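Structural overview
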Amino acid sequence: MIKNDIVVVGSGHNGLVAGAYLAAAGKRVLVLERNAWFGGGVVTRELTLPGFRHDQHSMAHIFIQANPLLAADELKLKEKYGLRYVFPDPPMMSVFEDGSTLAIHRDRERTCAEIAKFSRKDADAYRRLSEQAAGWLPMVAGTLFSAPAPLGASFAMLDQAREGREFWRVVQMSTHDVLCEYFEHDKVRMHFARIAGENLCSPDEKATGLGVFVFVGFMEAYGIGVPIGGSGQLTASLIACIKDHGGEVLSNVDVARVLARNGRATGVATTTGQEYEASEAVIAAIHPHQLGQMVEGIEPQVARAAEATQISPIACITVHAALQAPLRFRGGAAVSAVMNELLPTRYEQLRRSFDDLRYGGFSRYPLVGFGSLTAFDASRVPEGRATLHAWDYVPYERPDGKSWDETKHEYAQRMLEHMSGFIENVGAEDILQYHCDSPVDMERTSSSFKRGDLHGIATTSYQSGAHRPTPELGQFTVPGVERLYLVGPFQHPGGGVFGAGRGAAMKYMEDTKANVSGVTRRGLRRVLEFAVSRAFRKAARQ
Ligand SMILES: Cc1cc2nc3c(=O)[nH]c(=O)nc-3n(C[C@H](O)[C@H](O)[C@H](O)COP(=O)(O)OP(=O)(O)OC[C@H]3O[C@@H](n4cnc5c(N)ncnc54)[C@H](O)[C@@H]3O)c2cc1C
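Residues numbered from 1 in each chain as written. Predicted model: local features only at pLDDT ≥ 70, side-chain atom pairs only at ≥ 80, totals over all residues. Heavy atoms only, no water.

Side-chain pairing between opposite charges can occur once the charged atoms of the two side chains come close. Enumeration over the complete set of coordinates arrives at 31 salt bridges. As a salt-bridge pair, Lys80 and Asp244 come within 3.1 Å of each other at their nearest N and O atoms. Linking Lys80 in the loop between helix H2 (68-71) and strand E5 (85-86) with Asp244 in helix H10 (residues 232-244), this pair joins segments that are 164 residues apart in sequence. On the accessibility criterion, Asp244 (43% relative accessible area) is partly exposed. (Salt bridge = Lys/Arg side-chain N within 4 Å of Asp/Glu carboxyl O. Helix = DSSP H or I, 4+ residues; strand = E, 2+ residues; numbered from the N terminus. Buried < 20%, exposed > 50% of the residue type's maximum accessible area, 1.4 Å probe, protein only.)

By size, the foremost hydrophobic cluster in this structure holds 65 residues, and its most contacted members are Phe183, Phe192, Phe213, Phe218, Leu350 and Tyr393. The dominant element in this core, judged by the number of residues it contributes, is helix H4 (residues 120-141), at ten residues. For Leu350, the contacting residues outside a window of four places in its chain are Met190, Ala193, Arg194, Leu343, Pro344 and Leu367. Leu70, Leu75, Ala281 and Met509 belong to the second-largest nonpolar core, a separate cluster that totals 39 residues. (Core = buried A, V, L, I, M, F, W, Y, C linked by side-chain atoms within 4.5 Å. Contact = heavy atoms within 4.5 Å.)

Looking at the chain, pLDDT values average 94 and 94% of them are 70 or higher. For residues 526-537, every residue scores under 50 in pLDDT, and the model assigns this stretch 14 contacts once sequence neighbours within four places are set aside. (pLDDT = per-residue confidence, 0-100.)

The strand order E7-E6-E14-E15-E16-E13-E17 describes an open sheet built from seven strands, whose pairing is mixed. Every other strand in the sheet has two partners, leaving strand E7 (101-104) and strand E17 (431-437) as the edge strands with one partner each. Adjacent strand axes in the sheet meet at a mean angle of 20°, parallel and antiparallel pairs treated alike. Pairing geometry for strand E13 (residues 315-323) and E17, over six bridges, is antiparallel. Residue pairing in the sheet places His320 in a bridge with His435 of E17. Across the face of the sheet, helix H14 (residues 404-420) comes into contact with E13, strand E14 (339-343), strand E15 (369-371), strand E16 (386-394) and E17 while running at roughly 110° to E16. (Pairing = 2+ DSSP bridges. Axes fitted to C-alpha atoms, helices over the stretch in contact; angles between N-to-C directions.)

Lining the immediate surroundings of the ligand are 36 residues, of which Glu33, Gly41, Ser446, Ser448 and Val497 lie closest. In the environment of the ligand, an oxygen atom lies 2.6 Å from a nitrogen or oxygen atom belonging to the side chain of Ser446. Within the complex, the protein chains bury 94% of what would otherwise be the 1000 Å² of accessible surface of the ligand. For the shell around the ligand, the secondary structure elements donating two or more residues are helix H1 (13-24) and helix H15 (439-445). Here the shell around the ligand is built from residues that sort into 14 nonpolar, 19 polar and three charged. (Near = heavy atom within 4 Å. Polar contact = N/O pair within 3.5 Å; in protein donor to acceptor, adjacent residues only side chain to side chain. Areas by Shrake-Rupley, 256 points an atom, 1.4 Å probe, with all protein chains shown as cover. Nonpolar A, V, L, I, M, F, W, Y, C, P; charged D, E, K, R; others polar.)

Looking at the element boundaries, Glu248 is found in strand E9 (residues 248-250). Take Glu248: its relative accessible area is 35%, and that puts it in the partly exposed class. Along the backbone, Glu248 and Leu32 are 216 residues apart, and their C-alpha atoms lie at a distance of 8.6 Å. Aside from chain neighbours lying at most four places away, what touches Glu248 is Arg28, Val29, Leu30, Val31 and Ile242.

Moving on: unusual backbone geometry. In the segment running from Asp89 into Pro90, the intervening peptide bond is cis, with an omega of 5°. With respect to the helices, strands and loops of the structure, Pro90 is situated in the loop between E5 and strand E6 (92-96). Residue Pro469 is reached from Arg468 by a cis peptide bond, and omega for that bond is -5°. Among the secondary structure elements, Pro469 is positioned in the loop between H15 and strand E18 (477-478). Not every positive phi belongs to a glycine, and Arg451 is a case in point at roughly 55°. Structurally, the position occupied by Arg451 is in the loop between H15 and E18.

Listed below in structure tokens is the structure:
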């Protein structure tokens with residue numbers, strides 16, 4: 001058996017973040033990855049032609065910007081390990097079928113001017129919404145990068161002040177309810193409604209209303225981080241950090257089981273029978289549906305509840321293309337936003353398209369969004385060329401019963417044809433080569449993305465916060481198996497590039513009273529608690 005202090009199962013960014021904190025704390029860390037490459041959903045690969053580097057999954061690093069990992073550069077990923085970001089403006093833009101556009105800028109007044117093109121009243125409403133979003137942001141951000149507070153206590157606290165009650169009301173509303181309260185214009189409502197879609201939710205889904213405030217708050221405070229060299233540069237910097245602290249990161253190692261003795265995780269066994277000892281802890285990216293099979297000694301009712309967690313009916317399909325030249329919208333404008341959403345002219349079409357997915361069908365209107373990040377980082381392609389990263393939402397099981405492996409290229413053509421209504425140069429003659437990942441490919445690249453759900457499990461209120469993925473597993477720990485810590489998009493705070501492995505590392509530090517880079521676990525905890533309690537105190541005064 002090969003000995004280590006900490007074994008991390010999976011080289012997704014969350015496992016790497018947890019591993020890097022613990023390596024920095026002096027632990028001997030070993031990361032084991034099943035794929036031939038590292039990074040899970042945070043990876044940049046030559047998927048099409050040599051010299052064209054595509055972000056296969058995540059491309060927009062939003063929430064991690066507020067994580068002290070980057071905000072305070074706690075592990076020196078920027079100072080020492082080469083991680084660099086640019087923050088293009090505007091971060092996001094809706095492009096409607098009739099050629100009109102609506103951008104969110106980092107500057108509030110510029111966004112108001114955009115909205116005023118459609119409705120002056122809505123521009124004033126946006127000012128109110130974004131002020132509220134900025135007010136709530138410290139409280140929201142303060143809860144994202146550590147273990148979540150118990151839900152009962154959190155709601156009891158919110159219930160004590162007017163602002164807390166308002167926050168709670170919004171949490172329970174649908175995105176659509178919130179948008180109707182603020183805005184009158186169809187396109188303004190649709191622009192913000194599409195944001196809920198990025199969470200694989202219909203805007204009509206109840207308990208998604210806070211998402212608009214979180215998105216607007218983050219856009220204004222941080223924008224969207226585009227890593228120079230590609231999304232995978234975050235992965236590369238974390239691996240460099242782990243190795244620099246004496247750790248190891250291995251590919252092509254498929255972990256079959258987490259071993260446990262006397263109610264405590266002791267290591268892992270691979271599918272080829274190799275065992276790796278973890279004298280202090282195992283940190284693992286295990287989807288809740290697989291916990292029961294993979295973890296020795298887990299309490300049966302905990303495994304059953306995990307297996308019953310629900311996956312979104314909305315799966316993701318992507319097209320990555322190597323392009324002759326940078327994209328131009330019809331009319332000649334260059335791509336200026338990081339995320340671009342291609343939208344119909346009537347909001348109802350968007351809502352009904354999400355309903356189609358709810359019933360297991362294809363959406364009547366393609367829900368295509370795209371990025372072309374070579375517009376901001378030319379280092380990813382040969383000179384003068386560009387890349388396209390387009391996504392759409394589909395059912396995991398096709399309603400016609402056909403397999404995705406046989407039909408994905410047909411669907412990719414549907415997406416590209418739809419895009420050509422908005423973009424001048426996305427025809428066959430403009431595309432040098434393309435790569436399509438169907439929902440089935442998505443789950444092949446990482447077991448986190450089961451059934452093409454890029455957030456692992458659905459982001460519903462009953463699978464959020466301290467109840468994500470289940471109430472028993474919400475603290476990153478596993479009842480019945482001490483020293484096993486869970487990371488993944490199915491854990492708090494959910495899918496996305498959050499660097500949430502920091503919370504799992506903190507949990508380990510609390511359990512073992514370890515220090516990180518000279519910062520005590522209490523110190524880290526205090527910073528986070530201060531941010532949360534300051535926001536709650538402010539709410540209580542009102
Ligand atoms: C198409 C797509 C686009 C996205 N776009 C964005 C975006 O723009 N912005 C954003 O914030 N988020 C985005 N996301 C979501 C984001 O990529 C994920 O939420 C995030 O990468 C999850 O990170 P993770 O470390 O928790 O898990 P993962 O990235 O899934 O990593 C888990 C790793 O563990 C490995 N593993 C699992 N089990 C084992 C085992 N038994 N043995 C060995 N290795 C194992 C897997 O192979 C994988 O490498 C996107 C996701 C997808 C699929």
